[in-house]
Amino acid sequence: MHPSIATLVAFCDGEAGTDRSRRIAKHLVKCEDCLEQVRRIRSEKSELSGAGSGMPAVDTRQGLAGLLSDIDRWQRDPASAGALQLRRSLRSQIETYFGSSALSLVELPSMPAEELLGRASEMLDVFLGQTAAEAVKDEVFAGLGHARSEEWR
Amino acid sequence: MTRETNLARLQETPRWIAWCVGVYLAVDLFVLHVCSANPQVFSIPGSSDSSSALSVTAMAAVNLYLSMLALRSFRAGEPLRLAWMMMTLAAAAQVVSGVLAEMLGPNWLLNALLPSGHPQSGLVGQLRFTAQIAGAEIRLGLLAAALIPVLRVLRRFGFWVRPSATDWAVFSIACIFALCRLAEGGGRIGAANLQSLAGLALLCILVLEAMLLRQSVVRMGSGPISRCWAAFMCGIFLTGLAELGIWVIPHYSNAFSPAVIGSLTQFPTAAVFSLAPAYQLIAQRRATKPANGPREDLVTGTPALAR
């Protein structure tokens, strides 16, 4: 049985534990697919660490500040373009995963966009699992021009 | 095969399951037709022992595999993890039951190599009885328990509604059916009767839960998550209908023996149950890989570093 990607990442980071590392190492000798995955993870890792030194660092605080200021703007002006776009994007996600009828139950009349975000986010976490829900939220924020960082999670 | 390829294939799973059911039913009906047209050449077994059917066990194994994948995407402490864990265990119970029933049954090929009388020995009989309980009562109990956190979550998000008159009517039919079955047993308290009582009680509870689930699913719409729970609900209804059919039809018609009804209903029921984790995985797949998005990694637990 092949180890999962998460296990291989842990292995590359030296966090897989002695026994498991030994088992994975044994498996890698026999399995070209997994060896290729390990090579890919290592190369991505080195690319990321290289990017950290060679390129300007991503300022997550600036990104977070941008999102917070957007939320503030949505609260002050619920009809702003950003709030409407967020609402549209969340509606689309709820319809995609649950169905159109679910939307009328989730989105109450005059519900602010940020509240809808909270409610949709909670539903996605519960029904899809956190990892998949994070990906959906990433998509919503990417549509708004925000790349979510680990700090916001 | 990489997990990425696996996930791409998972998207097609409901279609494959539907094809399997179609082919199975077509072949089964053809065989039944041939058997009933030539009763002197081919005979239809009179008793229902289709728990040993390989096809049902194979479909239960598919359900187990898909449920395990779905379970893995829920972290410890998440509200639906417990539900998926119990559904996985229910699928595992069905697989174990099917495998044991097959291996310990009189038709097992290796029986010829064993000492004579082996399939009928006491230990084997007990094992068969245990396998039967695992595939019926334990499985139904696990499914009933799995639905409790699901209904709780649905209630939390406003999908749950009070049972309607229809729900109570269907539940009453299930209860009357259970009472009739018990009355037919003659009221004797034996191991078999207790087992039957437990199974029927669990079936009644499951039917009530399925009715509540039906209301929630109707209020949701037709996304993959609602389809997942709709499949689960349909699986429970089919289980109930199959039980009802196996009991009622032979009372009125000699054309359909319990074995025939079992062979026609058990595989589709197992297939419908397999659709639930398949739709859950599709939802997760859609989340982690948008239709026009860039190539991404896995459905579960991909650290940010690997993205």
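Remember, it's a predicted structure, so these values are computed and weren't measured experimentally. (Residues numbered from 1 in each chain as written. Chains lettered and ligands numbered in written order. Predicted model: local features only at pLDDT ≥ 70, side-chain atom pairs only at ≥ 80, totals over all residues.)

A. Here's a closer look at the overall build of chain A. Within chain A one finds eight helices and zero strands. Starting at the N terminus and ending at the C terminus, chain A contains elements arranged as α-α-α-α-α-α-α-α. Looking at chain A residue by residue over its 153 residues, the buried ones come to 29%. In chain A, once contacts between residues fewer than 6 apart in sequence are set aside, the share between residues at least 24 apart is 59%. (Helix = DSSP H or I, 4+ residues; strand = E, 2+ residues; numbered from the N terminus. Buried ≥ 20, exposed ≤ 12 C-beta atoms within 10 Å, placed from the backbone. Contact = placed C-beta atoms within 7 Å.)

B. View of the overall build of chain B. Broken down by element type, chain B carries nine helices and zero strands. When the elements of chain B are put in sequence order from the N terminus, they spell out α-α-α-α-α-α-α-α-α. Residue burial in chain B is summarised as follows: out of 307 residues, 41% are buried. Long-range contacts, defined as pairs at least 24 residues apart, comprise 76% of the intrachain contacts of chain B with a sequence gap of at least 6.

C. Region of the structure containing the environment of R22 of chain A. Counting through the fold element by element, R22 of chain A comes out in helix α2 (residues 18-30). Expressed as a C-alpha distance, the spacing of R22 of chain A and F11 of chain A, which sit 11 residues apart in the sequence, is 9.6 Å.

D. Geometry of helix α1 (residues 5-12) of chain A. Within the sequence span of α1 of chain A, burial applies to I5, L8, V9, F11 and C12 of chain A. Looking straight down α1 of chain A, one finds that the buried residues subtend no more than 155° of arc, so they occupy a single side. (Arc of directions from axis to C-beta.)

E. Quick peek at the packing of helix α4 (residues 81-104) of chain B against helix α5 (residues 122-156) of chain B. All names here are of chain B. Running from amino to carboxyl end, α4 crosses α5 at an angle of 165°, the nearest separation of the two axes being 8 Å. The angle between the axes of α4 and α5 places the two elements in the roughly antiparallel class. The hand of the α4/α5 crossing is left-handed. Its residues placed into classes, the contact of α4 with α5 shows 22 nonpolar, five polar and two charged. (Axes fitted to C-alpha atoms, helices over the stretch in contact; angles between N-to-C directions. Parallel < 35°, antiparallel > 145°, perpendicular 65-115°, else oblique. Left-handed = near helix turned anticlockwise from the far one by under 90°. Nonpolar A, V, L, I, M, F, W, Y, C, P; charged D, E, K, R; others polar.)

F. Representation of the environment of G223 of chain B in the model. Residue position: G223 of chain B is located in the loop between α7 (191-220) and α8 (224-252). Sequence-wise, G223 of chain B and A53 of chain B are 170 residues apart; in three dimensions their C-alpha atoms are separated by 33 Å. What G223 of chain B contacts, discounting residues up to four positions off in sequence, is E95, T96, Y97, F98 and G99 of chain A.

G. Layout of the environment of S110 of chain A. Residues and elements named next belong to chain A. The topology assignment puts S110 in the loop between α6 (100-106) and α7 (113-128). A count of 7 C-beta atoms within 10 Å places S110 in the exposed class. Measuring from C-alpha to C-alpha, the distance between S110 and C34 comes to 52 Å, with 76 residues separating the pair along the chain.

H. The arrangement of the packing of α8 of chain B against helix α9 (residues 258-288) of chain B in detail. Residues and elements named next belong to chain B. Between α8 and α9, whose axes approach to 8 Å, the crossing angle comes to 170°. Of the possible angle classes, the one that applies to α8 and α9 is roughly antiparallel. In the contact of α8 with α9, the residues fall into 21 nonpolar, eight polar and two charged.

I. Expanded view of the confidence of the model for chain A. Across chain A, pLDDT averages 74, with 68% of residues at or above 70. Of the regions scoring below 50 in pLDDT, residues 149-153 of chain A engages in nine contacts with residues more than four places distant in sequence or in other chains. (pLDDT = per-residue confidence, 0-100.)

J. Fine view of the confidence of the model for chain B. Residues and elements named next belong to chain B. On average, chain B scores 80 in pLDDT, and the residues at 70 or more come to 79%. The secondary-structure element of chain B with the lowest mean pLDDT is helix α1 (residues 3-10), recorded at 59, while helix α3 (residues 54-72) shows the highest, at 92. Contacts from residues 291-307, a stretch scored under 50 in pLDDT, to residues over four places away or in other chains number 34 contacts. This prediction of the complex comes with two scores: 0.73 for pTM and 0.77 for ipTM.

K. Inspection of α3 of chain B at higher detail. All names here are of chain B. With 19 residues, α3 should cover 27 Å at 1.5 Å per step; its first-to-last C-alpha distance of 27 Å lies within 8% of that length. For α3, every residue scored as buried is listed here: V56, T57, M59, A60, V62, N63, L64, L66, S67, L69, A70 and L71. Residues of α3 that are buried sit in contact with α2 (13-37), α4 and α9. (Expected span 1.5 Å × (residues − 1).)

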